[in-house]
Amino acid sequence: MKLPSSHYCLSSLLLHFVVVLLFVSCKTKALLKLPPNVSVPAVFVFGDSIVDTGNNNNRRTIARSNFPPYGEDFRGGVPTGQFSNGKVPSDLIVEELGIKELLPAYLNPQLQPTDLVTGVCFASGGSGYDPLTSTLESSISLPGQLELFKEYIGKLKGLVGEDRTNFILANSLFLVVGGSSDISNTFRIRQLQYDIPAYTDLLVNSASNFLKQINQLGARRIGVFSTPPIGCVPFQRTMGGGRARKCAEMRNDVAKLFNSKLSKEVDSVNRNFPNSRNVYIDVYNPLLDVILNYKKYGYEVGDTGCCGTGRVEVAILCNRFDSTCPNVLDHVFWDSFHPTESVYKKLIAPILQKYLHQFE
């Protein structure tokens, strides 16, 4: 039965009130003190497996992690799609900011209206700046993640109205994480077409286009993560580090060149969007320090992961048939690509403390 217009308006107002009330009541206590002029109502994350919280769970892809032993230290030991033993940076960032405990995947069938108001994750394991990367991995490409974000904006407007939606978009923290899968995997194929300078140009141009598009959609505070020292992850040590399994320096060289160009491009995007704060965030050097000086940080193993042999196992190769290390807190890496929750915790708070003031 069609409701009279007055009843419809009353129902809409009631829904809006309930969503706002739940939003206020569900906030957690911030672990990090924000700069005086910074408040962050929500967090939105785009990118790859470093920050994916479960968007690949129902996709036909090898880039999944919603099965044991992934998540063995997560709530109740239930794997929900994070590529680690526990929380990933997406989760830890919203927790540090006092927004909520976890950042849900946008494609999570259990997603609630309050989740939309405080932010969601659009990232997909196996995606990258190179469009070929997501094709090879059957993941959600960055353009595909952008389409999901546009769909999200429509849903949010239906929940809280256009004015509140615009406020949320303008004041929230957007994070973009990419490049690892491109440099680690796709570049092996692209080497037939591109040398290192040309390939890093391709990646930077793609990143720049993505940043411009989310700025145009209303984002005003955008953090762009550098690519990590991909040559030092256990898999790359195994494949390109020789008998001694040293860091594969060629991969690190590609990452450093890309990061240098990306940093300059982020500055360029800021000139085109003077009302925005696009901030380049260096994660390469902090993570490299943990990997190379692991004992200083309290770890015993820095060159192999906790899952299986720790040398090649990742995604579907790290599964219930693999044993895990006796103490995950001894390891820098969980699988052959991704750090443990413990390492992420050591990195995230200092990184936020260092860069948050740039979003004022």
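For the structure, see preceding data.
Cut-offs used in this document
- Residues numbered from 1 in each chain as written.
- Predicted model: local features only at pLDDT ≥ 70, side-chain atom pairs only at ≥ 80, totals over all residues.
- Heavy atoms only, no water.
- Helix = DSSP H or I, 4+ residues; strand = E, 2+ residues; numbered from the N terminus.
- Buried < 20%, exposed > 50% of the residue type's maximum accessible area, 1.4 Å probe, protein only.
- Polar contact = N/O pair within 3.5 Å; in protein donor to acceptor, adjacent residues only side chain to side chain.
- Contact = heavy atoms within 4.5 Å.
- Disulfide = S-S within 2.5 Å.
- Pairing = 2+ DSSP bridges.
- Axes fitted to C-alpha atoms, helices over the stretch in contact; angles between N-to-C directions.
- Patch = residues over 30% accessible without salt bridge, like charges linked within 9 Å, V, L, I, M, F, W, Y side chains within 5 Å.
- Areas by Shrake-Rupley, 256 points an atom, 1.4 Å probe, with all protein chains shown as cover.
- Salt bridge = Lys/Arg side-chain N within 4 Å of Asp/Glu carboxyl O.
- 1 Å grid on protein atoms, 1.4 Å probe; cavity = no way out; pocket = protein on both sides within 12 Å on 5 of 7 lines; lining within 4 Å.
- Points joined across faces, edges and corners; volume = space filled by probe spheres on them.
- Nonpolar A, V, L, I, M, F, W, Y, C, P; charged D, E, K, R; others polar.

Student: Even after reading the chapter, I still don't get the side chain of Ser-172, so can you show me in this structure?
Tutor: Within the fold, Ser-172 resides in the loop between helix H6 (162-171) and strand S2 (173-177). Its relative accessible area of 0% is what places Ser-172 among the buried residues. Looking at Ser-172, its side chain comes within polar contact range of the main-chain nitrogen of Ala-42, at 3.4 Å. Within polar-contact distance, the side chain of Ser-172 engages the backbone oxygen of Ile-168 at 2.5 Å. In this view, Ser-172 contacts Val-40, Pro-41, Ala-42, Phe-44 and Arg-221; residues no more than four positions away in its chain are not counted.

Student: How do you make sense of the state of the cysteines when you look at a structure like this?
Tutor: Any covalent bond linking the sulfur atoms of two cysteines counts as a disulfide. Per the stated rule, a full pass over the model turns up three disulfides. One disulfide in the model links Cys-232 with Cys-247; its S-S distance is 2.1 Å. Because the torsion about its S-S bond is 115°, the bridge between Cys-232 and Cys-247 counts as right-handed. Taken together, the positions of Cys-232 in the loop between strand S3 (221-225) and helix H9 (234-240) and Cys-247 in the loop between H9 and helix H10 (249-272) put the pair 15 residues apart, joining distant regions of the chain. The class for Cys-232 is buried, based on a relative accessible area of 1%. The exposure class of Cys-247 is buried, given its relative accessible area of 12%. Between the sulfur atoms of Cys-307 and its disulfide partner Cys-318 the distance amounts to 2.1 Å. Judged by the sign of its S-S torsion, about 115°, the cystine formed by Cys-307 and Cys-318 is right-handed. Here Cys-307 is found in the loop between strand S5 (301-305) and strand S6 (331-333), whereas its partner Cys-318 is found in the loop between S5 and S6, with eleven residues between them in sequence. The exposure class assigned to Cys-307 is buried, which follows from its relative accessible area of 0%. For Cys-318, a relative accessible area of 0% translates into the label buried.

Student: Would you take a moment to explain unusual backbone geometry for this structure?
Tutor: Among all residues save glycine, negative phi is the norm, and among peptide bonds the norm is trans. Of note, the bond from Pro-68 into Pro-69 is cis; its omega dihedral lies within 30 degrees of zero at 5°. Along the polypeptide, Pro-69 turns up in the loop between strand S1 (43-47) and helix H2 (89-96). Despite not being glycine, Ser-138 has its phi angle at roughly 55°, a positive value. Residue position: Ser-138 is located in the loop between helix H4 (131-137) and helix H5 (142-160). You can call Ser-138 partly exposed: its relative accessible area is 31%. Even without a glycine there, the phi angle at Arg-245 is positive, about 50°. Tracing the chain through its elements places Arg-245 in the loop between H9 and H10.

Student: What should I look at first to understand the sheet that holds S1 in this one?
Tutor: Pairing between the strands of a sheet comes from backbone hydrogen bonds, and it takes one of two forms, parallel or antiparallel. A sheet is described by the order of its strands in space; here four strands give the open sequence S1-S2-S3-S4, paired in parallel fashion. Looking at strand neighbours, the two that pair on one side only are S1 and strand S4 (277-281), the edges of this open sheet. When strand polarity is set aside, the average angle formed by the axes of neighbouring strands in this sheet is 20°. Against the sheet, H2 contacts S1, S2 and S3, and its axis sits at roughly 160° relative to S1.

Student: Would you mind showing me how to read a nonpolar patch on the surface here?
Tutor: Together, Ile-62, Ile-316 and Leu-317 make up a nonpolar patch on the protein surface, roughly 280 Å² of accessible area in all. For Ile-316, the location among the structural elements is in the loop between S5 and S6.

Student: Looking at this model, I keep getting lost on the pairing of S3. Mind explaining?
Tutor: Two faces, one strand: in a regular strand the side chains alternate between the faces of the sheet. Most of S3 is tucked away: five of the five residues are buried. What you see with S3 is no split at all: Arg-221, Gly-223 and Phe-225 on one side and Ile-222 and Val-224 on the other are buried throughout. Bridge count between S2 and S3: three bridges; the pairing is parallel. Bridging from a neighbouring strand, Phe-174 pairs with Ile-222 of S3. Bridging between S3 and S4 involves five bridges; their strand directions are parallel. Residue Val-224 lies in a different strand from S4, and its bridge partner there is Tyr-280.

Student: How should the layout of surface pockets be read in this particular structure?
Tutor: One water molecule sets the probe size; rolling that probe over the atoms shows where empty space is left. For the largest pocket, the calculated volume is near 620 Å³. For the lining of the largest pocket, the secondary-structure elements that each account for two or more residues are helix H7 (180-190) and helix H12 (341-355). Examining the composition of the lining of the largest pocket, we find that four residues originate from one element, H12, more than from any other. Residue composition of the lining of the largest pocket, by class: 25 nonpolar, ten polar and two charged.

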